[in-house]
Amino acid sequence: MLLKKNLWGLFFFFFWGTVFSQWNQLERINESFVEYAFADTNEMYWTTRPDLYVDDDNEALNVESQYSSLLDSLTTSEKVIGNFKLNFLNINSKHSDYAPVFYEGELVFSSSRNVSSISKSFDNHSNQPFLDLYTTSKRSDKQRIRKLKGSVNTKFHESSAAFSNDNKTVYFTRNNYSKRKSKTNTEGNVLLKIYRAYYKDGKWKDVEELPFSSNEYSIAHPTLSPDGRFLYFASDMPGSIGQSDLYLVEIYGDGSFGVPQNLGDQINTSGRETFPYISDTGKLFFASDGHLGFGGLDVFVAMPDKFDEIKVFNLEEPINSPEDDFTFIINEKNKIGYFASNRTGGEGDDDIYGFRQLVSFSKYLNQKPETIKEIERVIDIQSSKEKITSF
């Protein structure tokens with residue numbers, strides 16, 4: 001599994017940003033977390049972004065229909081387990097496939113299926129080539145997979161994409177590699193950075209690393225608030241509580257950034273919090289091995305209880321398993337989503353699964369959080385000429 005390559009255990013995953021009206025509120029995030037985090041985000045989103053408002057119900061329904069049709073077209077079989085209908089998909093390869101994200105009625109995801117890669121550094125366990133970003137594409141009524149066009153993909157790892165609302169900007173994770181050169185930290189490790197690219201003339205161009213990246217620590221796995229004002233990500237930067245924490249940073253109107261803010265110990269633990277995702281209704285989903293779970297990385301949701309205190313709830317089976325489960329996404333309006341896992345019975349190393357939600361997430365509020373036994377896992381180390389921090 002490609003996730004096991006990282007010596008430092010950096011397996012890095014909402015809408016909170018949209019409800020912060022001033023920067024000083026951002027700086028008080030730990031104190032004001034509950035008050036601002038779970039406002040009526042859906043109403044606020046459309047109020048603050050009238051340019052994105054769709055008055056045509058048919059058009060809105062068409063978008064939902066596209067994703068429902070997509071899941072149907074990708075599904076080879078399905079099974080009802082607990083609160084979900086689990087879909088087994090035809091897009092998986094014998095290599096690592098994960099980090100799905102919704103994009104223009106299709107899915108963009110990360111995969112190491114490029115067996116023609118000339119890269120010389122491979123995962124010790126899988127012996128797989130480096131990851132690239134791919135997209136599903138409907139052609140002649142058949143579902144095909146192709147790489148994202150442009151200069152996003154390189155000979156190193158690319159993963160975890162996040163697209164702006166107009167689909168003209170993408171944020172993604174890559175090993176510390178730009179201008180055809182890799183950079184290492186003082187210990188000789190190639191760490192992770194988040195990059196930004198722009199869609200021009202049918203391709204992704206003008207790739208740039210974010211200014212708060214560093215050669216000495218990793219930032220990875222971006223996700224955007226629905227209004228595009230805030231970027232959420234995982235990092236082990238100085239000041240982190242655990243091996244990797246979740247952070248947010250404000251994106252200003254001119255494209256520049258504020259100062260990254262740690263989400264605090266209501267979310268972050270001494271372990272790994274990673275792969276944040278913000279749903280369309282404002283829920284924070286993320287992967288963690290620091291909160292109690294079935295084993296390895298599990299998927300969790302953060303919600304306020306009846307006392308307006310933020311609680312973290314395990315999504316249970318079939319989303320979680322004794323293995324690593326991560327990169328969870330969902331459109332709560334149509335109850336359709338995807339996640340990745342390296343559980344047994346899959347096609348390859350990491351596999352992408354689809355699902356339809358059958359029971360509301362509010363059912364978790366009737367149970368105690370963190371009641372599932374945690375199983376400790378061992379992180380393995382990759383050896384190569386340059387130590388590559390991966391995903």
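For the structure, see preceding data.
All figures in this text were calculated on a predicted structure; none of them were measured in a lab. (Residues numbered from 1 in each chain as written. Predicted model: local features only at pLDDT ≥ 70, side-chain atom pairs only at ≥ 80, totals over all residues. Heavy atoms only, no water.)

Visitor: Account for the overall build of the chain, naming residues and giving values.
Guide: For the chain, the helix and strand inventory stands at four helices and 25 strands. When the 391 residues of the chain are sorted by exposure, 57% land in the buried category. If you sum the accessible surface of the chain, you get close to 16800 Å²; carbon and sulfur atoms cover 47% of it. (Helix = DSSP H or I, 4+ residues; strand = E, 2+ residues; numbered from the N terminus. Buried < 20%, exposed > 50% of the residue type's maximum accessible area, 1.4 Å probe, protein only. Areas by Shrake-Rupley, 256 points an atom, 1.4 Å probe, with all protein chains shown as cover.)

Visitor: Tell me about unusual backbone geometry, residues and numbers included.
Guide: Here the amide bond leading from Glu317 into Pro318 is cis, since omega sits at 5 degrees, within 30 degrees of zero. Position of Pro318 relative to the elements: it lies in the loop between strand 21 (310-314) and strand 22 (325-331). Positive phi outside glycine occurs at His221, with the angle close to 55 degrees. Relative to the elements of secondary structure, His221 occurs in strand 14 (residues 219-224).

Visitor: Would you mind going over the sheet that holds strand 8 (residues 169-175) in detail, with residue names and values included?
Guide: One open sheet accounts for four strands, arranged 7-8-12-13; its pairing is antiparallel. Unpaired on one side and paired on the other, strand 7 (158-163) and strand 13 (203-209) mark the two borders of the sheet. If you compare each strand with its neighbour and ignore which way they point, the axes differ by 30 degrees on average. Bridge count for strand 12 (residues 192-200) against strand 13 is five bridges, and the pairing is antiparallel. (Pairing = 2+ DSSP bridges. Axes fitted to C-alpha atoms, helices over the stretch in contact; angles between N-to-C directions.)

Visitor: Describe the sheet that holds strand 16 (residues 245-250), naming the residues involved and giving the relevant values.
Guide: Spatial ordering of the open sheet is given by 14-15-16-17, a layout of four strands whose pairing is antiparallel. The two strands at the open ends of the sheet, each matched to only one other strand, are strand 14 and strand 17 (261-262). Judged from the six bridges that link them, strand 15 (residues 230-235) and strand 16 form a sheet pairing that is antiparallel. Looking across to strand 16, one finds that Ala234 is bridged to Leu246.

Visitor: Before we move on, could you go through the side chain of Ser213 and cite the residues and values that matter?
Guide: Inspection of the secondary structure puts Ser213 in the loop between strand 13 and strand 14. Residues in contact with Ser213, not counting those within four places in the same chain, are Lys193, Ile194 and Ile219. (Contact = heavy atoms within 4.5 Å.)

Visitor: So what's going on with the packing of aromatic side chains? Residues and values would help.
Guide: The tally for this structure, following the rule as stated, stands at 24 aromatic pairs. On the numbers, 5.9 Å between centres and 25 degrees between planes, the contact of Phe172 with Tyr195 is stacked. Of this pair, Phe172 sits in strand 8 while Tyr195 is found in strand 12, placing the two residues 23 residues apart along the sequence. Across the pair, Tyr195 and Phe172 agree in class, each one buried. Ring centres of Phe286 and Phe300 lie 6.0 Å apart, and the angle between their planes is 25 degrees; this geometry places the pair in the stacked category. Taken as a pair, Phe286 in strand 19 (residues 284-288) and Phe300 in strand 20 (residues 298-304) lie far apart in primary sequence, 14 residues in all. According to the relative accessible area criterion, Phe300 is buried, its value standing at 0%. Each residue in the set Phe84, Phe88, Phe285, Phe313, Phe328, Phe339, Tyr353, Phe355, Phe361 and Tyr364 is aromatic and connected to the rest through ring pairs, giving one cluster. Over the face of the ring belonging to Tyr195 we find Arg174, whose NZ or CZ atom lies 4.8 Å from the ring centre. Directly above the ring of Tyr353 sits Arg343, whose terminal nitrogen or CZ lies 5.3 Å from the centroid. (Phe/Tyr/Trp six-rings, centres within 6.5 Å; stacked < 30°, edge-to-face > 60°. Lys NZ or Arg CZ within 6 Å of the ring centre and 35° of its normal.)

Visitor: A description of the environment of Leu297 should follow, citing residues and the corresponding values.
Guide: Considering the arrangement of structural elements, one finds Leu297 in the loop between strand 19 and strand 20. Taking relative accessible area as the criterion, Leu297 reaches 0% and is therefore assigned buried. It is 7.0 Å that separates the C-alpha atoms of Leu297 and Glu323, two residues lying 26 residues apart in sequence.

Visitor: Can you break down the environment of Val108 residue by residue, with the values?
Guide: For Val108, the position within the fold is in strand 4 (residues 106-111). In this structure Val108 touches Ala99, Pro100, Val101, Tyr103, Leu133, Tyr134, Thr135, Leu148, Ala161 and Phe163, once residues within four positions along its chain are discounted.

Visitor: Tell me about the side chain of Asp325, and name the residues and values.
Guide: Here Asp325 is to be found in strand 22. Within the local environment of Asp325, its side chain forms a polar contact with the side chain of Ser341, the two groups lying 2.7 Å apart. Side chain to side chain, Asp325 and Arg343 meet in a polar contact 2.8 Å long. What Asp325 contacts, discounting residues up to four positions off in sequence, is Ala287, Leu297, Asp298, Val299, Ile319, Asn320, Ala340, Ser341 and Arg343. (Polar contact = N/O pair within 3.5 Å; in protein donor to acceptor, adjacent residues only side chain to side chain.)

Visitor: So what about a nonpolar patch on the surface? Which residues, and what values?
Guide: There is a patch of nonpolar side chains on the surface, built from Val80, Leu358 and Val359 and spanning about 240 Å² of accessible area. Examined against the element boundaries, Val359 turns out to sit in the loop between strand 24 (351-357) and strand 25 (387-388). (Patch = residues over 30% accessible without salt bridge, like charges linked within 9 Å, V, L, I, M, F, W, Y side chains within 5 Å. Salt bridge = Lys/Arg side-chain N within 4 Å of Asp/Glu carboxyl O.)

Visitor: I'd like to hear about the pattern of salt bridges, residue by residue, with values.
Guide: Summed over the entire model, instances satisfying the criterion amount to 16 salt bridges. With its nearest N and O atoms 2.9 Å apart, the salt bridge here joins Arg196 to Glu208. One end of the pair, Arg196, is in strand 12; the other, Glu208, is in strand 13, and 12 residues separate them in sequence. A residue is classified by how much of its surface remains accessible, and Arg196, at 8% relative accessible area, is buried.

Visitor: So, the pairing of strand 23 (residues 336-341): which residues are in play, and what are the values?
Guide: Taken across its six residues, strand 23 has six buried, putting it largely inside the fold. Because side chains alternate across strand 23, one face comprises the buried residues Ile336, Tyr338 and Ala340, and the other comprises Gly337, Phe339 and Ser341, equally buried. Pairing geometry for strand 22 and strand 23, over five bridges, is antiparallel. Opposite Asp325, over in strand 23, you have Ser341 as the bridge partner. What sits between the antiparallel neighbours strand 22 and strand 23 is a turn of four residues, in which Lys335 has the positive phi angle 65 degrees.

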